[in-house]
Amino acid sequence: MTTAIIGTGGIGSVIARQLASGGETLRLSSADTKSAQRLAAEIGRPAVAAASNRDALQGADAVVLALRFTVLKGVVDEIAEPLTDKLVVVPSNPLSSDVQGNVTRLLPKGQSSGKVVAGWLPTGARLAMAFGTLSADLFESSGNRSPEPAVLFYVTDDDRAGQEVERLIRTAGFEPVKAGGIEQSARLEVGGDLHDLVVGPAKARSLVGEA
Ligand SMILES: NC(=O)c1ccc[n+]([C@@H]2O[C@H](COP(=O)([O-])OP(=O)(O)OC[C@H]3O[C@@H](n4cnc5c(N)ncnc54)[C@H](OP(=O)(O)O)[C@@H]3O)[C@@H](O)[C@H]2O)c1
């Protein structure tokens, strides 16, 4: 199947490599198309660089918006119409950092970034917040772990999105575990109790209260 990845920086590039190694066909785009072109050339045949964000969605079943929170709404507005029949996966943390490296949450404490992103999407788009729970290094080193796979947590309000994101998570070499509805997205973020945790399925299920 085909997934578009918009944003080929720190996290988008490792998501792309992991999905490609699991057999997913990829269409990549970035602000400066050179970054997507470089990554597509590095990955090889299952990945192509698209001419634009909209072009990346051509023929794609799903899109990963691997973007900083501050540019997310602008890109959603730019590509809104073709999102209406797609799984939309968002790994973004609602954070900004200044030149000193001080990190600030862009939303008031307690406000779910997932709910905010859901409000930006057009009707018909199926949202899952996922693929942002591990830092890029941990993500890359934990994929296809054996004998026990590492878990990637996700949240969604949509059953079909849940099935679709579970397929993508398995393709990337992880075991999916749902941590709740979209209002639970803060658990996945930097500072959340499920962030940067490399655990197997049993431990993960006990953490989300399914055990
Ligand atoms: N890095 C991590 O370890 C990590 C882990 C988990 C979650 N996250 C979250 O993931 C999000 C992205 O983080 P990152 O570290 O990957 O950021 P990043 O390295 O700055 O990459 C951002 C990417 O977005 C692209 N971009 C910016 N504006 C765009 C536009 N208008 N259209 C298309 N592409 C655009 C950039 O394009 P260019 O390449 O052309 O500049 C770049 O490829 C953040 O919210 C972060 O909190 C990051």
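The structure displayed is predicted, hence computed values, not measured ones.

A short note on the packing of helix α4 (residues 69–78) against helix α5 (residues 113–120)
Direction vectors running N to C along α4 and α5 enclose 20°, while the axes themselves pass 10 Å from each other. Overall, the two elements α4 and α5 adopt an arrangement that is roughly parallel. The chirality of how α4 crosses α5 is right-handed. Along its contact with α4, which presents Phe69, Leu72, Lys73 and Val76, the element α5 presents Ser113, Val116, Val117 and Trp120. Residue composition of the contact of α4 with α5, grouped by class: six nonpolar, one polar and one charged.

Examining the side chain of Ser29
Tracing the backbone shows Ser29 in strand β2 (residues 25–29). Among residues more than four places away in sequence, those in contact with Ser29 are Ile5, Ile6, Gly7, Thr8, Ala36, Ala50, Ser52, Asn53 and Ala56.

So, the packing of helix α1 (residues 10–21) against helix α2 (residues 33–43)
Running from N to C, α1 and α2 cross one another at 30°; their axes reach a closest spacing of 11 Å. Here α1 is positioned roughly parallel relative to α2, judged by the angle of their axes. Remark: the crossing between α1 and α2 carries right-handed chirality. Contacts between α1 and α2 involve Ser13, Ala16, Arg17 and Ala20 on the former and, on the latter, Leu39, Glu42 and Ile43.

Quick look at α5
Buried residues of α5: Ser113, Gly114, Val116 and Val117, and no others. Looking straight down α5, one finds that the buried residues subtend no more than 160° of arc, so they occupy a single side. Tucked into the core, α5 has its buried residues touching α4, β5 (87–90), β7 (103–105) and β8 (126–130). Sitting at the amino-terminal end of α5 is Ser112, which places a side-chain oxygen 3.2 Å from the backbone nitrogen of Gly114.

Details of the pattern of salt bridges
Between side chains of opposite charge, pairing is possible as soon as their charged atoms come close. Applying the stated criterion to the full structure yields 14 salt bridges. Between Arg17 and Glu140 there is a salt bridge whose closest N-O contact spans 3.3 Å. On the criterion of sequence distance, the pair formed by Arg17 in helix α1 and Glu140 in helix α6 (residues 136–142) is long-range, its members being 123 residues apart. As a salt-bridge pair, Asp193 and Arg187 come within 2.8 Å of each other at their nearest N and O atoms. Connected through salt bridges with shared partners, the residues Glu166, Arg170, Glu175 and Arg205 form a single ionic network.

Concerning the nonpolar core
Ranked by internal contacts, the top residues of the largest apolar core, which has 35 residues, are Leu65, Leu83, Val88 and Phe153. Within the residue set of this core, elements represented by two or more residues are β1 (2–6), β4 (62–65), α4, β5, α5, β8 and β9 (151–156). At four residues, the largest contribution of residues to this core is made by α4.

Rules used throughout
- Residues numbered from 1 in each chain as written.
- Predicted model: local features only at pLDDT ≥ 70, side-chain atom pairs only at ≥ 80, totals over all residues.
- Heavy atoms only, no water.
- Axes fitted to C-alpha atoms, helices over the stretch in contact; angles between N-to-C directions.
- Helix = DSSP H or I, 4+ residues; strand = E, 2+ residues; numbered from the N terminus.
- Parallel < 35°, antiparallel > 145°, perpendicular 65-115°, else oblique.
- Left-handed = near helix turned anticlockwise from the far one by under 90°.
- Contact = heavy atoms within 4.5 Å.
- Nonpolar A, V, L, I, M, F, W, Y, C, P; charged D, E, K, R; others polar.
- Buried < 20%, exposed > 50% of the residue type's maximum accessible area, 1.4 Å probe, protein only.
- Arc of directions from axis to C-beta.
- Polar contact = N/O pair within 3.5 Å; in protein donor to acceptor, adjacent residues only side chain to side chain.
- Salt bridge = Lys/Arg side-chain N within 4 Å of Asp/Glu carboxyl O.
- Core = buried A, V, L, I, M, F, W, Y, C linked by side-chain atoms within 4.5 Å.

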